[in-house]
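Report on the structure
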Amino acid sequence: KGLTRPLMGLLEDLDDRVRVAALEACRSAPDEDLIPATIPLLADSIVAAEAAETLAEYGPEVLDHLGPYMDLSQMEGAFAGAHRVPPIVAEIGDPDGLPLLLSAIGIPDLRLRHEAVRAYCSLIGSTGSLKTHLADLRQVAAREIDAARTRRRILGEVRSFPATEILCDALQGESGSHLENAFTLLDVLTPAVDMKAVHLSLNSEESRSNALEILDNVLEGDLKTNLLGLLESREEAAPATEDIAARISGILRDETSEWVVAGALMAAAANGMMDSRESILDCTSHQSPFVRETALFALDKLEQTDILPETCARLSEDPDPGVRRLARELSQTP
């Protein structure tokens, strides 16, 4: 008693050893008033593991505090440790954490989404109440399969265009992440089959046909149809008459993934897409600093001298140091 205020200060100390010792003190006698001061340390890579262990010690009381931080993760600079929240919820093991994880699975951030899927499946397994969650599991698995299919479709449309290597890598990686999430969920839905092993088997030509046969025998309904359709389909290249500028502009306008948008910006710059300048300019206000920096780079490569000085002046005061640095360098260009 009486140490809550001093501990709050010690949790913000500049010395790593002090912060670790303060977290140890919090674990020895958890005080709910210290939860708001502990959660931000999940974004501190040096003490994040100790902070996660401490928050798990608080038990179910911490759940109401964690949800808003995952929501804030979608706002730039608000909270960078959101992907560490789902494992804490799973470690606490309280079924009240399931809605929190289910909500997190819908957040676009792929790292957070991946951790939320794993934690959700782990918590369902520990509660032993699979039957009551079957509908949610199927719905989320279907959503991940659909997301993987969408990424693969766009990949087929842009792969034949020049200078789209970064964009294609982003789409390929995201498609694979969504597919892995789907198999993690299917592993819980079909406890008699090791779906994670089936997923790995798809990467081998020797075992792929056997893996597809297992899926055909085990899955049912739309899940079976959609997953096998995805796995057995071939990428369709865009027609030779396809307008690359229109396709890239559509990605810049409609996409939410920072890596896909950044890849599209690089393609726009490399292909001299002057018609995309308004979409590129809009990206200089994107919530991701990586996208803002890439958009500024694209405007420079496209030699948009009429809007570049004003944009550089605005971004020279950007919160991100990388964006500020590039804006100031371009401002000094003769």
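Residues numbered from 1 in each chain as written. Predicted model: local features only at pLDDT ≥ 70, side-chain atom pairs only at ≥ 80, totals over all residues. Heavy atoms only, no water.

Attention now moves to helix α9 (residues 134–158). Taking 1.5 Å per residue as the helical rise, α9 with its 25 residues ought to reach 36 Å, and the 37 Å between its terminal C-alpha atoms agrees with that figure. Listed as buried for α9 are Leu137, Val140, Ala141, Glu144, Ile145, Ala147, Ala148, Arg151, Ile154, Leu155, Gly156 and Val158. (Helix = DSSP H or I, 4+ residues; strand = E, 2+ residues; numbered from the N terminus. Expected span 1.5 Å × (residues − 1). Buried < 20%, exposed > 50% of the residue type's maximum accessible area, 1.4 Å probe, protein only.)

Let's shift gears to the state of the cysteines. With the rule as written, the count across this model stands at 0 disulfides. For the unlinked cysteine Cys312, the closest cysteine sulfur is that of Cys283, found at 16 Å. On the basis of relative accessible area, Cys312 is assigned to the buried category, the value being 1%. (Disulfide = S-S within 2.5 Å.)

Aromatic ring pairs are defined here through the distance separating the ring centres and the angle between the ring planes. Applying the stated criterion across every chain yields a total of 1 aromatic pair. Taken together, a centroid distance of 4.7 Å and an interplanar angle of 50° make the contact between Trp259 and Phe290 tilted. Linking Trp259 in helix α15 (residues 258–270) with Phe290 in helix α17 (residues 289–301), this pair joins segments that are 31 residues apart in sequence. Accessibility expressed as a relative area gives 46% for Trp259, which makes it partly exposed. Residue Phe290 is classed as partly exposed on the basis of its relative accessible area of 36%. (Phe/Tyr/Trp six-rings, centres within 6.5 Å; stacked < 30°, edge-to-face > 60°.)

On to unusual backbone geometry, then. Of note, the phi angle at Ala163 is positive, near 60°, even though the residue is not glycine. Its location among the elements puts Ala163 in the loop between α9 and α10 (165–189). Judged by relative accessible area, Ala163 falls into the partly exposed class, the value being 29%. In this model, Glu303 sits at a positive phi of 55°, which is unusual for a non-glycine residue. Structurally, Glu303 can be placed in the loop between α17 and α18 (308–315).

Taken as a whole, the second largest pocket spans an internal volume of roughly 310 Å³. As for the second largest pocket, its lining consists of 14 residues, of which Arg152, Gln172, Ser175, Leu179 and Leu231 are closest to the centre. For the lining of the second largest pocket, the elements supplying multiple residues, two or more each, are α9, α10 and α13 (221–232). It is α10 that contributes the most residues to the lining of the second largest pocket, 4 residues altogether. (1 Å grid on protein atoms, 1.4 Å probe; cavity = no way out; pocket = protein on both sides within 12 Å on 5 of 7 lines; lining within 4 Å. Points joined across faces, edges and corners; volume = space filled by probe spheres on them.)

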